[in-house]
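If you want the building blocks of each chain, they are given just below.
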2 protein chains.
Amino acid sequence: MANGTTLTKGAKANSRDAILDAAERLFANSGFEGTSMRSIAEAAGVAQALLHYHFGTKERLFAEMFTRRSEAINAARIKRLDSLFAQGVPTLEEVLDTLLRPLIELGHDESRGGSYFSRLVVSVAADRDPRSCALIADNYDPLARRFISALMRVLPGLKEADAVRGYLFVIGVGMTIMAPTGRLNRLSGDRCDDADIESMVDHAVPFAAAGLRSFAAGAVTAGTPEGGLQ
Amino acid sequence: MANGTTLTKGAKANSRDAILDAAERLFANSGFEGTSMRSIAEAAGVAQALLHYHFGTKERLFAEMFTRRSEAINAARIKRLDSLFAQGVPTLEEVLDTLLRPLIELGHDESRGGSYFSRLVVSVAADRDPRSCALIADNYDPLARRFISALMRVLPGLKEADAVRGYLFVIGVGMTIMAPTGRLNRLSGDRCDDADIESMVDHAVPFAAAGLRSFAAGAVTAGTPEGGLQ
DNA sequence: GTCTATAGTTCGATAGAC
DNA sequence: GTCTATCGAACTATAGAC
C-alpha cells in the first residue's frame, strides 16, 4: 500500500514489488538474520542501494514485506467470515476452515511470490523478539479478535478465556500445516504427504473443532476433574 | 555425552558445559544466524578460540547443544511412558501429558541453562532447512514413533495415518505453549497468562485428547462427510 | 586447554554520479 | 529511480604461544 507512484496496482512489475517478492522468498528460506540485502538485490535484479532507497533499512523492508501479504490474506479471511455470518450462524467447522484455508492457500500460491509466506509467518509467530511480536500484534491481533468472538457465537457454551486459548491452539495446529518439513511423510512411511495442503486442512479442521467443543462442554477447569489425569 | 575428560558428569562446571549453556540461551533468543561465536564466548567467559577447539564449527556447536538437552528431555518422556504402560493401558490424557509436560518443564527449568530450550526447539521444528530437519529427525523421530504407537494402543479405533497426523497436530498445540510471546495475555485482556505453563498444559491436554478421539471415531475421511463443511 | 592476534570474508549502509 | 564504489564494522575460523 502507498505505492509512491501513480499506479496503485496493476501488471506493471516495478522494481519495488520485485524487491518485495525476492525478499519474501529469501527471508522465508533463511530467516531475517540469515538473509543478506545483497542476496535480495541480486534475486530481484537490482542494485543493493535501491533497497535502501525504497525501504531505508533491512528491518523496514522485512516489515513491509510481511505486512503486504498479511493484509491480502486477512482481507480474504474477513470477507469469507462476513459472508458466512450473512447467511445465519455457520458451523464451527466452517469458521475454522475460513480461519485456516486462506492462509494456507495464499501462503502456497506458487504463481507469484508464493509458497513461502506461510513458512515465514510461522517463524515470526513463534519468535519472542519484540519486533516479531509487534509484527504479529499489528497484523494479526484484530483478525484474532474477530475470530475469537466468532467462535463464541457458534459455540454458545464457550467462555472467553477458553475461546482465546482455543484460538491459539488452533493456530498451533495450523502451524503444522504451514511449515511442511516432510516429517509427516517420513513418520507415516509415505502414506501421508504434508505438502498436500487440502488433505492437511481437511484433517486439521475436525481435529480443532473437537478440541474446541470439549472446551465448550466445560471439560477442563481444574486438572481435568473426571478425566483421570495423574 | 562423551565428555572427553575423566568426568562424565558432576558438579564440576567445566568450560565445555559453560559454552553449551551460554549457546543454548543465546541461540534461543536470537537464532542460529543471529548469534555470533563472539557473543557466546563472552557469555561463557572464555576466549572465542576455545569454542572452535571444543566444537570445530558453529554448526557443530549448535548440534551438540541441541542434542544435549533433547536427550535429557526424551529420556524423561520415555521413562514416564514406560512406567505408565507397566501399570496397564493408561488413558489418552496420561499419554499426552507425558508427551507434553517434560518438554515444557525441562525447557523452562530456570535453575540452569533453562527456560530457553523449549523456544529453541520450536524454531528448529518449524524450519525447513535440511540441517534443522536432520536435527529433528535424529533427536525426535524415535520418540515420535514410540508415542504414535502408544496413541494407537490407548485409542483402539485410531488408524496409523491418523495417529501420525494427530501426533503432529499435538506437537503444534504444544508449540503454542513452548513459545510464550505474551499474545495470550494480550488477547485475553490479561485473564490468561501464557507463562503459566501448568495451566497451559492442563488446557492443551484435553484439547488434544478431544481432537484425537474425533479421529478415532472416524469422523474424517473425505471432506468431513456429515459435518456440513462448506 | 586456554589464550592473543589476526587473516579473510561478508555484512548493512552511504556517497555521489547519472 | 537506479547505478557504481566503498566505508567501517562484524563475522567465522585459524595460527601459534603458553
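Residues numbered from 1 in each chain as written. Chains lettered and ligands numbered in written order. Predicted model: local features only at pLDDT ≥ 70, side-chain atom pairs only at ≥ 80, totals over all residues. Heavy atoms only, no water.

**Overview of the packing of aromatic side chains**
Each aromatic ring pair is characterised by the separation of its centres together with the angle its planes make. Tallied over the full model, the rule gives 18 aromatic pairs over all chains. Plain terms: the ring middles of A:Phe32 and A:Phe62 are 5.4 Å apart, the flat faces sit at 90° to each other, and that makes the pair edge-to-face. In this pair, A:Phe32 sits in the loop between helix H1 (15-30) and helix H2 (37-44) while A:Phe62 sits in helix H4 (residues 58-86), placing the two residues 30 residues apart along the sequence. The exposure class assigned to A:Phe62 is buried, which follows from its relative accessible area of 10%. Note on B:Phe66 and B:Phe117: the rings are 5.6 Å apart at their centroids and 45° apart in plane angle, and the pair reads as tilted. With B:Phe66 in helix H4 (residues 58-86) and B:Phe117 in helix H6 (residues 117-126), the pair connects residues that are 51 residues apart, well separated along the chain. (Phe/Tyr/Trp six-rings, centres within 6.5 Å; stacked < 30°, edge-to-face > 60°. Helix = DSSP H or I, 4+ residues; strand = E, 2+ residues; numbered from the N terminus. Buried < 20%, exposed > 50% of the residue type's maximum accessible area, 1.4 Å probe, protein only.)

**Comments concerning the protein's contact with DNA strand D**
If you check the shell around DNA strand D, you find 16 residues, and the closest are A:Ser15, A:Ala47, A:Tyr53, B:Met37 and B:Arg38. Contact distances for DNA strand D include 3.4 Å between a base nitrogen and a side-chain N or O atom of B:Gln48. Those elements that place two or more of their residues in the surface near DNA strand D are helix H3 (48-55) of chain A together with helix H2 (37-44) and helix H3 (48-55) of chain B. Considering each element in turn, the surface near DNA strand D owes the most residues, four residues, to H3(A). For the surface near DNA strand D, the per-class residue count stands at seven nonpolar, seven polar and two charged. (Near = heavy atom within 4 Å. Polar contact = N/O pair within 3.5 Å; in protein donor to acceptor, adjacent residues only side chain to side chain. Nonpolar A, V, L, I, M, F, W, Y, C, P; charged D, E, K, R; others polar.)

**Points about the environment of B:Asp138**
Considering the arrangement of structural elements, one finds B:Asp138 in helix H7 (residues 130-154). In sequence terms B:Asp138 and B:Ser70 are 68 residues apart; their C-alpha atoms lie 10 Å from each other.

**A look at the confidence of the model for chain A**
Residue and element names in this part refer to chain A. The share of residues in chain A with pLDDT of 70 or more is 86%, and the mean pLDDT across the chain is 89. Here residues 1-11 is a poorly scored stretch, pLDDT under 50, and it has five contacts once near neighbours within four places are set aside; other chains count. Low pLDDT (under 50) marks residues 222-230, which in the prediction has 17 contacts with non-local residues, meaning those over four places away or in another chain. (pLDDT = per-residue confidence, 0-100. Contact = heavy atoms within 4.5 Å.)

**A closer look at the relation of the copies chain B and chain A**
The second copy of the chain is related to the first by a rotation about an axis and a shift along the axis. Between chain B and chain A, which share one sequence, the superposing operator has a rotation angle of 180° and an axial displacement of 0.0 Å; the RMSD is 0.0 Å. Look at the turn and shift together and you get a two-fold axis relating the two. A share of 100% of interface residues in chain B that are also interface residues in chain A marks the association as one of identical surfaces. (Least-squares fit on C-alpha atoms with pLDDT ≥ 70 in both.)

**Structural notes on the pattern of salt bridges**
Residues and elements named next belong to chain A. One pass over the structure, following the stated rule, counts 30 salt bridges over all chains. Across the pair aspartate 82 and arginine 146 runs a salt bridge, and its minimum N-O distance is 2.7 Å. Here aspartate 82, found in helix H4, pairs with arginine 146, found in helix H7 (residues 130-154); they are 64 residues apart in sequence, far enough to count as distant. On the basis of relative accessible area, aspartate 82 is assigned to the partly exposed category, the value being 39%. (Salt bridge = Lys/Arg side-chain N within 4 Å of Asp/Glu carboxyl O.)

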